[in-house]
Each structure stands twice: as C-alpha cells, then as structure tokens.
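Next come the chains, spelled out residue by residue.
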Amino acid sequence: MSVLIHFSMFPTDKGTSVSPYVAHSIRIIKESGLPYKLGPMSTAIEGEWEEVMAVVERCFKALREQSDRIYMTVQMDYRAGAVNRIEGKIASVEAKLKK
C-alpha cells in the first residue's frame, strides 16, 4: 500500500520560532530512508503505510518529550502500486502547464 502524506507537527508552547523542533523531526524522517520533501508549511513523505506512520509516530514521541502541547496536521493519499509520487505528481502538472 503506497501512501503519500503531507504532515506538519510543531510545539505550540515554545514561542514563535519552532524551527529547531521541526529540524529534529526532519532528522528522524531522514534517518528512516523514506523519500521526503521539506516544504515551507509541511513535509511530504512517501512509502508503505506502516513505514510512514511509524515515522510520524517517532516524530510525535520525540516532540512529546520536549513539549506539553503539539499541533499536527496529516493529509494522506493512497494509490495502489504508485511510486515516486513526491516528484511525479509535480512533474505531471508542470508538463500540462507547458501545453
């Protein structure tokens, strides 16, 4: 089962700049070996359901150790047999823009 998620997770009790906490999550994602893409408001991760959700859980548990309040959003798209959607979906739209 191939899923592509966009998720955002950060503490709401640490002031206005939360980039150190986001960076910690990105390290966890990087260590997973799954394809990912950091964006200005969320991070995309692609993989099998169990792998992706395990990464989200590791990020949450790490942040929970440092924060008493966490904001998180998760958007998910499942597509059987699809791969390289992080780049492929963008390339598909850009190709259509050139027509």
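Because the structure is a prediction, the values reported are computed rather than measured.

### What to know about the pairing of strand β1 (residues 2–11)
With eight of 10 residues buried, β1 lies mostly within the body of the structure. Inspection of the sheet shows β1 paired to strand β3 (residues 43–48) by six bridges, in the antiparallel sense. By the bridge assignment, L4 is partnered in β3 with E46. With nine bridges connecting them, β1 and strand β4 (residues 70–78) associate as antiparallel partners. Across the sheet, the residue bridging to F10 is Y71, located in β4.

### Some thoughts on the layout of surface pockets
The space that makes up the largest pocket amounts to roughly 240 Å³. Around the largest pocket sit 17 residues that line it, and S8, F10, V22, M41 and S42 are the ones nearest its centre. For the lining of the largest pocket, the secondary-structure elements that each account for two or more residues are β1, α1 (19–32) and β4. Its residues assigned to classes, the lining of the largest pocket shows 11 nonpolar, six polar and no charged. Roughly 150 Å³ of volume is contained in the second largest pocket. In terms of lining residues, the second largest pocket is bounded by 13 residues, among which H6, K37, A44, I86 and I90 are the most central. Elements with a minimum of two residues in the lining of the second largest pocket: β1, β2 (36–38) and α3 (85–97). The residue inventory of the lining of the second largest pocket, partitioned by class, reads seven nonpolar, three polar and three charged.

### Things to note about a nonpolar patch on the surface
Together, W49, M72, V74 and M76 line one region of the surface with nonpolar side chains, adding up to about 320 Å² of accessible area. Here the nonpolar patch takes three residues from β4, the largest share from any one element. Note that V74 resides in strand β4.

Scoring rules and cut-offs
By convention here, each chain's residues receive numbers from 1 onward along its written sequence. Residue-level local features of this predicted model are given only where pLDDT is at least 70; pairs of side-chain atoms are given and counted only at 80 or more, and the full residue set underlies all totals for whole chains, interfaces and linings. Heavy atoms throughout the structure, all of them, feed into the side-chain values; hydrogens and water do not. The buried label goes to any residue with under 20% of its type's maximum accessible area, the exposed label to any with over 50%, and the partly exposed label to all in between, with areas taken from a 1.4 Å probe on protein chains only. Under the scheme used here, helices are H or I runs from DSSP no shorter than 4 residues and strands are E runs no shorter than 2 residues, and both carry numbers assigned from the N terminus. The pairing criterion is simple: DSSP has to find at least two bridges between the two strands. Think of a 1 Å grid over just the protein atoms. A cavity is a set of points where a 1.4 Å probe fits yet cannot get out, a pocket is an open set with protein on both sides within 12 Å along at least five of seven lines, and lining residues have an atom within 4 Å of a point. Grid points are joined across faces, edges and corners, and a volume is the space filled by probe spheres set on the points. Note that Gly is not counted as nonpolar here; it falls among the polar residues with everything else outside the nonpolar set of Ala, Val, Leu, Ile, Met, Phe, Trp, Tyr, Cys and Pro and the charged set of Asp, Glu, Lys and Arg. Each patch is built from salt-bridge-free residues with over 30% relative accessible area, joining like charges within 9 Å and nonpolar side chains (Val, Leu, Ile, Met, Phe, Trp, Tyr) within 5 Å. Using a 1.4 Å probe, accessible areas were evaluated by the Shrake-Rupley method; residue-level cover was limited to the displayed protein chains. The working definition used for a salt bridge is a side-chain nitrogen of Lys or Arg within 4 Å of a carboxyl oxygen of Asp or Glu.

Structural measurements only, silent on function.
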